[in-house]
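# Inside the fold
One-letter residues, chain by chain:
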Amino acid sequence: MAIALGATLASLLAGSFFPSSHVSSHAFPFLSFLKRETKVRDSYSPPVNALQFGRVSIARLDNFQQAIEQKQIQKEKRLIFDVPLSFQGTTIYDVELGSEQKYIALTFDDGPWPNYTEQVLDILKQNQVPGTFFWIGKHLKAFPEVAKKVVADGHAIANHTWSHHYHPVPREVAAREIEDTASLIYEITGVQTRIFRPPGGVLTNGLASYARSQNYLVAMWSSDAREASLPSLEQLINNVVNTARSGGIVLMHDGGGDRSVTVRALPTIIAALKQRQYQFLTLPELLELKERELQQPPETEPPAEVQTPKPDGIE
Ligand SMILES: [Zn+2]
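As a starting point, this report considers the structure included with it. Everything quoted here is computed from the prediction, not taken from an experiment.

Cut-off values and rules
The numbers attached to residues start from 1 for each chain and follow its sequence in the written order. At least 70 in pLDDT is required for a residue's local features to be given in this predicted model, at least 80 for side-chain atom pairs to be given and counted, and no such filter applies to totals for whole chains, interfaces and linings, which use all residues. Processing note: side-chain calculations cover all non-hydrogen atoms of the structure and skip hydrogens and water entirely. Whenever Lys or Arg places a side-chain nitrogen within 4 Å of a carboxyl oxygen from Asp or Glu, that contact is recorded as a salt bridge. Only DSSP runs of H or I with at least four residues qualify as helices, and only runs of E with at least two residues qualify as strands; both kinds are numbered from the N terminus onward. Exposure is judged per residue with a 1.4 Å probe applied to protein chains only, and the accessible area is read against the type maximum: over 50% gives exposed, under 20% gives buried, and values in between give partly exposed. We call an atom a donor if it is N, O or S and sits within 2.8 Å of the metal, or 3.2 Å for Na, K and Ca. Water is not counted, so some sites may look partial. Where helices are involved, their axes are fitted lines through C-alpha atoms of the stretch in contact, as for all axes, and angles between N-to-C directions lie from 0 to 180°. Each angle gets one of four labels, with under 35 degrees taken as roughly parallel, over 145 as roughly antiparallel, 65 to 115 as roughly perpendicular, and the rest as oblique. Put simply, a crossing is left-handed when the front helix is turned counterclockwise from the back one by less than a right angle, and right-handed when it is turned clockwise. What makes two residues a contact is simply this: any of their non-hydrogen atoms within 4.5 Å. Just so you know the grouping, Ala, Val, Leu, Ile, Met, Phe, Trp, Tyr, Cys and Pro go in nonpolar, Asp, Glu, Lys and Arg go in charged, and all remaining residues, Gly too, go in polar. Polar contact is defined as a pair of N or O atoms within 3.5 Å, subject to the rule that within protein one atom must be able to donate a hydrogen and the other to accept it, and that residues adjacent in sequence are counted only when both atoms are side-chain atoms. A helix is expected to span 1.5 Å for every residue after the first. One axis fitted to the seven residues ending at a residue, another fitted to the seven starting there: the angle between these axes is the bend at that residue.

Between side chains of opposite charge, a pair can form as their charged atoms come close. Counting across every chain of the model gives five salt bridges. The salt bridge involving aspartate 153 is made with lysine 125; its shortest N-O contact spans 3.3 Å. With a gap of 28 residues between them, aspartate 153 in the loop between α6 (144-152) and β5 (156-159) and lysine 125 in helix α4 (residues 116-127) connect regions that are remote in the sequence. Aspartate 153 sits in the partly exposed class, given a relative accessible area of 29%.

This is the structure in structure tokens:
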């Protein structure tokens with residue numbers, strides 16, 4: 001038995017150096033770290049192979065290395081939702097953009113949640129629209145597999161406390177509510193986020209102030225689907241579309257209860273906003289866009305607003 005296990009270990013170890021190994025990590029979950037190790041090694045092996053084949057210039061290798069690094073950065077970006085310095089410790093309802101192009105961020109609160117979160121993910125995927133999901137810690141604990149799907153689809157993640165209190169809480173409770181949720185988000189998905197939304201949008205019960213003290217951005221909203229008022233399908237669509245504005249943040253819910261009306265409304269909301277020329281960003285992307293505008297003020301004076309009136313009938 002010991003010999004057989006030793007042989008298996010040896011072949012697994014060998015497998016970790018030869019990526020073509022067919023050894024399945026599922027059969028040996030306790031050795032799964034070896035497979036992860038393999039993946040890291042794989043990502044750096046191509047330059048060595050390229051050297052072995054010769055005829056590869058240093059410049060091309062540099063490009064290749066840059067491409068790998070770029071890929072790594074992009075990969076990390078999907079797991080780290082930091083906020084620009086100027087937004088840390090602040091509260092926002094939207095961002096004011098200078099660009100003519102209209103942008104908007106759809107956000108979904110109170111998940112992860114069975115069925116509804118997945119239906120929202122399907123709709124977002126079909127429409128190639130990114131979302132930002134504000135998770136409740138206790139829901140994440142109950143439905144970790146749903147959470148992993150959200151991250152796998154490339155959406156942004158934010159913190160919405162552990163137990164969704166509205167009432168005032170002492171600082172140590174606020175700390176636990178936010179830090180425990182942050183820890184579980186990292187444990188289950190590897191995501192780190194500095195974006196926070198207080199339950200019910202309550203800014204005065206100690207949760208938002210604790211979040212700001214830890215350099216979180218407190219993200220409120222400028223359009224509200226108002227699911228709590230039990231709107232009809234048409235009302236819910238109008239609640240969002242009629243209040244949409246560029247740089248806006250749309251509040252909807254994918255978890256915490258029956259979200260069937262939201263799910264039915266979402267395709268129409270997306271279509272209506274697209275028809276109004278909106279482009280969709282995650283909330284961190286919206287912040288990044290604003291930050292870029294702040295760092296690069298327009299170089300030229302905007303054109304004078306005075307227009308010469310044209311005589312009627314002449315174009
Ligand atoms: Zn909530």
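What follows continues from the structure just given.
The next point concerns the coordination of the zinc ion. Within the protein, Asp110 (OD), His160 (NE2) and His164 (NE2) serve as the donor atoms for the zinc ion, at 2.0 to 2.1 Å. Mapping the donors of the zinc ion onto the primary sequence yields the spacing D-x49-H-x3-H. Here the residue aspartate 110 occupies a position in strand β3 (residues 102-111), and histidine 160 occupies one in the loop between β5 and α7 (171-189), the gap between them amounting to 50 residues. The same class applies to aspartate 110 as to histidine 160, namely buried.

Okay, unusual backbone geometry next. Residue proline 112 is bonded to the preceding glycine 111 through a cis peptide linkage, with omega at -5 degrees. Mapped onto the elements, proline 112 comes out in the loop between β3 and α4. A positive phi angle, near 70 degrees, is found at asparagine 215, a position not held by glycine. Position of asparagine 215 among the secondary structure elements: in the loop between α8 (207-213) and β8 (217-219). Exposure remark for asparagine 215: the relative accessible area of 39% places this residue in the partly exposed category. Despite not being glycine, glutamine 277 shows a phi value in the positive range, around 70 degrees. Along the chain, the position of glutamine 277 falls in the loop between α10 (260-275) and β11 (278-280).

This part covers the packing of α4 against α10. Taken N-terminus to C-terminus, the directions of α4 and α10 make an angle of 15 degrees; their axes are 9 Å apart at the nearest point. The angle between α4 and α10 falls in the class roughly parallel. The two elements α4 and α10 cross, and the hand of that crossing is right-handed. Here Tyr116, Gln119, Val120, Ile123, Leu124 and Asn127 of α4 come into contact with α10, specifically with Ser260, Val263, Leu266, Pro267, Ile270 and Lys274. Taken together, the residues of the contact of α4 with α10 break down into eight nonpolar, three polar and one charged.

To continue, consider the side chain of threonine 107. For threonine 107, the location among the structural elements is in strand β3. There is a polar contact of 2.9 Å between the side chain of threonine 107 and the side chain of arginine 197. Discounting residues that sit within four places of it in the chain, threonine 107 has contacts with Thr132, Phe134, Arg197, Ile249, Val250, Leu251 and Met252.

What follows covers α10. Between its terminal C-alpha atoms α10 stretches 24 Å, which fits the 22 Å expected from 16 residues at 1.5 Å a residue. At leucine 266, α10 shows its maximal bend, which comes to roughly 35 degrees, and the proline proline 267 appears one to four places after that position. Those residues of α10 lying buried are Thr262, Val263, Ala265, Leu266, Ile269, Ile270, Ala272 and Leu273. Backbone geometry just after α10 places glutamine 277 at a positive phi near 70 degrees.

Let us look at α7. In an α-helix, one full turn covers 3.6 residues, which means residues spaced three or four apart are oriented alike. The terminal C-alpha atoms of α7 lie 27 Å apart, and with 19 residues this matches the ideal 27 Å at 1.5 Å per residue to within 8%. Every buried residue of α7 is listed here: Ala174, Ala175, Glu177, Ile178, Thr181, Leu184, Ile185 and Thr189. Positive phi shows up at glycine 190, right after α7, with a value of about 80 degrees.

So yeah, pure geometry; function would need other evidence.
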